[in-house]
Amino acid sequence: MAVTLHTSLGDLKFELYCEHAPVACENFLRLCASDYYVNTVFHRNIKGFLVQGGDPTNAGKGGRSAMSEDGDGFSNELVDSLKFSHRGILAMANSGKENTNKSQFFVTYAKAPSLNGMYTIMGRLISGQETLDVMEKAPVQDAKKYRPKLDMTVTGTTIHANPFAEPVA
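Residues numbered from 1 in each chain as written. Predicted model: local features only at pLDDT ≥ 70, side-chain atom pairs only at ≥ 80, totals over all residues. Heavy atoms only, no water.

**Brief notes about the packing of aromatic side chains**
(1) Moving on: Tallied over the full model, the rule gives 7 aromatic pairs.
(2) Moving on: With centroids separated by 5.4 Å and ring planes inclined at 90°, the aromatic side chains of Phe106 and Tyr119 adopt a geometry described as edge-to-face. With Phe106 in strand β6 (residues 105-108) and Tyr119 in the loop between β6 and β7 (121-127), the pair connects residues that are 13 residues apart, well separated along the chain.
(3) Moving on: An aromatic cluster of three or more residues is present, and its members are Phe28, Tyr36, Tyr37, Phe42 and Phe105. (Phe/Tyr/Trp six-rings, centres within 6.5 Å; stacked < 30°, edge-to-face > 60°. Helix = DSSP H or I, 4+ residues; strand = E, 2+ residues; numbered from the N terminus.)

**A look at the layout of surface pockets**
(1) Moving on: Size it by volume and the largest pocket reaches roughly 590 Å³.
(2) Moving on: Taken together, 22 residues line the largest pocket, and the ones lying closest to its centre are His43, Gln52, Gly60, Lys61 and Gln104.
(3) Moving on: By residue class, the composition of the lining of the largest pocket is 7 nonpolar, 10 polar and 5 charged. (1 Å grid on protein atoms, 1.4 Å probe; cavity = no way out; pocket = protein on both sides within 12 Å on 5 of 7 lines; lining within 4 Å. Points joined across faces, edges and corners; volume = space filled by probe spheres on them. Nonpolar A, V, L, I, M, F, W, Y, C, P; charged D, E, K, R; others polar.)

**Observations concerning the sheet that holds β7**
(1) Moving on: Across the sheet, which stays open at both edges, the 8 strands sit in the order β3-β4-β6-β5-β7-β2-β1-β8 with antiparallel pairing between neighbours. Each end of this open sheet is capped by a strand with a single partner; those strands are β3 (44-46) and β8 (154-161). Taken over all neighbouring pairs, the strand axes of this sheet differ in orientation by 25° on average, direction set aside.
(2) Moving on: Relative to strand β4 (residues 50-53), β3 runs antiparallel, the two sharing 3 bridges. Bridge pairing in β4 places Asn45 opposite Val51. (Pairing = 2+ DSSP bridges. Axes fitted to C-alpha atoms, helices over the stretch in contact; angles between N-to-C directions.)

**Topic: unusual backbone geometry**
(1) Moving on: Residues other than glycine seldom take positive phi values, yet Asn58 does so here, at roughly 60°.
(2) Moving on: Position of Asn58 among the secondary structure elements: in the loop between β4 and β5 (89-92).
(3) Moving on: Non-glycine residue Asn99 carries a positive phi angle of around 60°.

**Quick word on the environment of Lys111**
(1) Moving on: Tracing the backbone shows Lys111 in the loop between β6 and β7.
(2) Moving on: Note: C-alpha distance between Lys111 and Gly48 (63 residues apart in sequence) is 8.9 Å.
(3) Moving on: Once you skip the residues sitting within four places of it in the chain, Lys111 turns out to touch Phe84, Ser85, His86 and Arg87. (Contact = heavy atoms within 4.5 Å.)

**Brief notes about helix α2 (residues 129-137)**
(1) Moving on: Taken together, the buried positions of α2 are Thr131, Leu132, Met135 and Glu136. Axial view of α2: buried residues confined to an arc of 140°, hence all on one face. Relative to its buried face, α2 has exposed residues pointing more than 90 degrees away, namely Glu130 and Lys137.
(2) Moving on: Where the residues of α2 are buried, they touch β1 (2-7), β2 (10-16), β3, β4, β6 and β7. (Buried < 20%, exposed > 50% of the residue type's maximum accessible area, 1.4 Å probe, protein only. Arc of directions from axis to C-beta.)

**A closer look at the nonpolar core**
(1) Moving on: The biggest cluster of nonpolar side chains holds 31 residues, and the ones touching the most others in it are Phe14, Leu16, Phe28 and Met122.
(2) Moving on: Of all the elements in the fold, those that place two or more residues in this core are β1, β2, α1 (22-33), β5, β6, β7 and α2.
(3) Moving on: Per-element accounting of this core gives the leading share, 6 residues, to α1.
(4) Moving on: Ignoring any residue separated from it by four or fewer positions in sequence, one finds Phe28 in contact with Val3, Leu5, Leu16, Tyr37, Leu90, Phe105 and Met122.
(5) Moving on: By size, the runner-up hydrophobic cluster in this structure holds 12 residues, among which are Ala112, Leu115, Tyr119 and Ile121. (Core = buried A, V, L, I, M, F, W, Y, C linked by side-chain atoms within 4.5 Å.)

What follows is the structure, encoded as structure tokens:
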């Protein structure tokens with residue numbers, strides 16, 4: 001299973017771990033299939049750590065899950081064998097509480113063992129390393145919120161294989 005996020009800086013293609021994180025992957029694929037992420041920005045960019053996006057309000061506080069009619073979040077799917085062991089890990093973002101995985105996601109710039117056991121890993125970058133390099137170098141507005149000075153926008157998505165194949169209405 002694979003999906004490409006087309007961004008204003010280039011493409012990021014991810015292999016998805018549907019067998020390890022079926023709910024997170026179905027949620028992500030359904031949101032991609034319905035163009036939910038189109039025109040959203042990566043609102044948090046921490047050099048040497050991660051870049052985060054997936055909030056349609058573009059403020060870093062919003063988003064909804066595709067897994068329930070009311071958009072409520074879902075639980076983490078933690079797999080002991082999946083670790084934040086290298087650059088390019090794709091994971092669900094949450095607020096640190098149970099059932100808060102919705103639409104936001106992040107991609108690591110380096111290994112991040114402090115995140116192990118806290119966030120659902122749903123894939124890894126398989127193409128677009130140069131795009132991730134450009135994203136990491138993008139300057140931020142301030143050191144507290146890490147918002148990029150220039151918008152790094154999702155311009156589209158391509159689903160290369162979708163075992164769930166049902167977009168959100």
